[in-house]
Amino acid sequence: MQPGLYHILFISTALFFIGVYGFLTRKNLVTMLMSIELVLNSVNLNFIAFNKYLWPHKMDGLFFTLFIIAIAAAEAAVAIAIIINLYRSHNSINVENAEELKY
Amino acid sequence: MNGSDIIFYLLAAMTLVCGLLAVTTRHIFRAAVFLLFSLIGVAGIYFWLQYEFIAAVQIVVYAGGIAVLIIFSIFLTQQAGDKLPKQRIDRKIFGALAAFCGFALVMIQVYGHTFFETEEGEVTVSVFNIGKKMLSITDGGYALPFEIISMLLLAAMIGCIVIALRTKKENS
């Protein structure tokens, strides 16, 4: 069967819910960040697939993907800075050990 | 079923299997490596769709930047070789149930919907066209979001430095 829009939508939906599953079950902050990266990737795949198969005369999906990649890079950098700071003060990056919400 | 289809299915299988292993394995370093392969599989799907620029950006930013950043943060925060603690089984079951129900719901919606393609001619997604569109300020150009993204990156960079800065103890 010729792969088309529905195949890519299947992949991106599956990747999204794999990320959601990881986010619900993991306790470690770094692995939760990895799950968020999977979710963002599935969104990018969706934008590119719609751009390719439904609106090939525009490039809007492509630009949204570019901007999402840039925002994801900024988000990952800030998250890792926060995680390293948390590890310095709590000696653990488990979400259950970080519950005071104060400096 | 020709070679192109086989390549697509291989890339899809690589992406999904590595993604699944990345969220289920108990070795955190292996999880990072599986995540890297999953991201490379997504980049391969972009290549398969002939969006070479996006694929290159995906490899440079995700596989080259974010994966390395995650691996470094694992080295900084984790003892080498020890496993993550076992998760509670009820949390696993309910997480899988929630994810599967959401997946089924979305797939039912997608397969019940018919998408209509436009009849207009295809524009080539060359780097020339992308750059021209990104920096144009007329007819739907993306100059303003481009500038806002650059401000956001600058703010994120300064924020990272400020957050991760080691503060001196006041009484020592």
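From a predicted model like this one, the values you see are computed outputs, not experimental measurements.

**Some details on the overall build of chain A**
Thought 1: When its secondary structure is counted, chain A shows 3 helices and 0 strands.
Thought 2: Written out in order from the N terminus, the α and β elements of chain A read α-α-α.
Thought 3: Rg of the C-alpha trace for chain A: 17 Å, well past the compact-globule value of 13 Å for 103 residues, more than 25% over.
Thought 4: Overall, the C-alpha framework of chain A stretches about 50 × 25 × 15 Å when taken along its three principal axes.
Thought 5: The burial tally for chain A puts 50% of its 103 residues in the buried class.
Thought 6: Restricting the contact set of chain A to residue pairs at least 6 apart, pairs at least 24 apart contribute 49%.

**Re the environment of Gly61(A)**
Residues and elements named next belong to chain A.
Thought 1: You can see Gly-61 is positioned in helix α3 (residues 60-90).
Thought 2: Once the C-alpha coordinates of Gly-61 and Leu-45 are considered, the two residues, 16 residues apart in sequence, prove to be 9.7 Å apart.
Thought 3: Residues contacting Gly-61, with those up to four places away along its chain left out, are Phe-47, Ile-48, Phe-50 and Asn-51.

**Quick look at the domain arrangement of chain B**
Thought 1: Per the domain assignment, the segments of chain B are domain 1 (1-80) and domain 2 (126-172).
Thought 2: Look at where the C-alpha atoms of domain 1 of chain B and domain 2 of chain B centre, and you get two points 24 Å apart.

**Focus on helix α3 (residues 52-77) of chain B**
Given 3.6 residues per turn, any residue in an α-helix points the same way as the ones three and four places further on.
Thought 1: With 26 residues, α3(B) should cover 38 Å at 1.5 Å per step; its first-to-last C-alpha distance of 36 Å lies within 8% of that length.
Thought 2: Those residues of α3(B) that are buried are in contact with α2 (29-53) and α3 of chain A together with α2 (28-48) of chain B.

**Side note on the interface of chain B and chain A**
Thought 1: Counting residues at the interface gives 67 residues for chain B, matched by 56 residues for chain A.
Thought 2: Breaking the side of chain B that touches chain A down by element, the ones donating at least two residues are α1 (3-24), α2, α3, α4 (89-112), α5 (127-135) and α6 (143-164) of chain B.
Thought 3: Partitioning the side of chain B that touches chain A into residue classes produces 47 nonpolar, 13 polar and 7 charged.

**Side note on the packing of α3(A) against α3(B)**
Thought 1: Running from N to C, α3(A) and α3(B) cross one another at 10°; their axes reach a closest spacing of 11 Å. The orientation of α3(A) with respect to α3(B), classified from their angle, is roughly parallel. Contacts from Leu62(A), Thr65(A), Leu66(A), Ile69(A), Ala73(A), Ala76(A), Ala77(A), Ile80(A), Ile83(A), Ile84(A) and Tyr87(A) in α3(A) reach Ile54(B), Val57(B), Gln58(B), Val61(B), Gly65(B), Ile66(B), Leu69(B), Ser73(B), Leu76(B) and Thr77(B) in α3(B).

**Overview of α4(B)**
Thought 1: End to end, α4(B) covers 34 Å across 24 residues, agreeing with the expected 34 Å (1.5 Å per residue, within 8%).
Thought 2: When you tally the buried positions in α4(B), you get 1 out of 24 residues, a small fraction of the element.

**Regarding the packing of helix α1 (residues 5-25) of chain A against α4(B)**
Thought 1: At a minimum axis separation of 9 Å, α1(A) and α4(B) run at an interaxial angle of 160°. Judged by the inter-axis angle, α1(A) sits roughly antiparallel to α4(B). Handedness of the α1(A)/α4(B) crossing: right-handed. Residues Tyr6(A), Leu9(A), Phe10(A), Thr13(A), Ala14(A), Phe17(A), Val20(A), Tyr21(A), Leu24(A) and Thr25(A) of α1(A) touch α4(B), and the partners they reach there are Arg91(B), Lys92(B), Gly95(B), Ala96(B), Ala98(B), Ala99(B), Gly102(B), Phe103(B), Val106(B), Met107(B), Val110(B) and Tyr111(B).
Thought 2: A per-class count over the contact of α1(A) with α4(B) returns 16 nonpolar, 4 polar and 2 charged.

**Looking at unusual backbone geometry**
Thought 1: A positive phi angle, close to 65°, is found at Gln50(B), a residue other than glycine.
Thought 2: Tracing the backbone shows Gln50(B) in the loop between α2 and α3.

Calculation notes
- Residues numbered from 1 in each chain as written.
- Chains lettered and ligands numbered in written order.
- Predicted model: local features only at pLDDT ≥ 70, side-chain atom pairs only at ≥ 80, totals over all residues.
- Helix = DSSP H or I, 4+ residues; strand = E, 2+ residues; numbered from the N terminus.
- Rg over C-alpha atoms; globule rule 2.2 N^0.38 Å.
- Buried ≥ 20, exposed ≤ 12 C-beta atoms within 10 Å, placed from the backbone.
- Contact = placed C-beta atoms within 7 Å.
- Domains from an automatic or database assignment.
- Expected span 1.5 Å × (residues − 1).
- Nonpolar A, V, L, I, M, F, W, Y, C, P; charged D, E, K, R; others polar.
- Axes fitted to C-alpha atoms, helices over the stretch in contact; angles between N-to-C directions.
- Parallel < 35°, antiparallel > 145°, perpendicular 65-115°, else oblique.
- Left-handed = near helix turned anticlockwise from the far one by under 90°.

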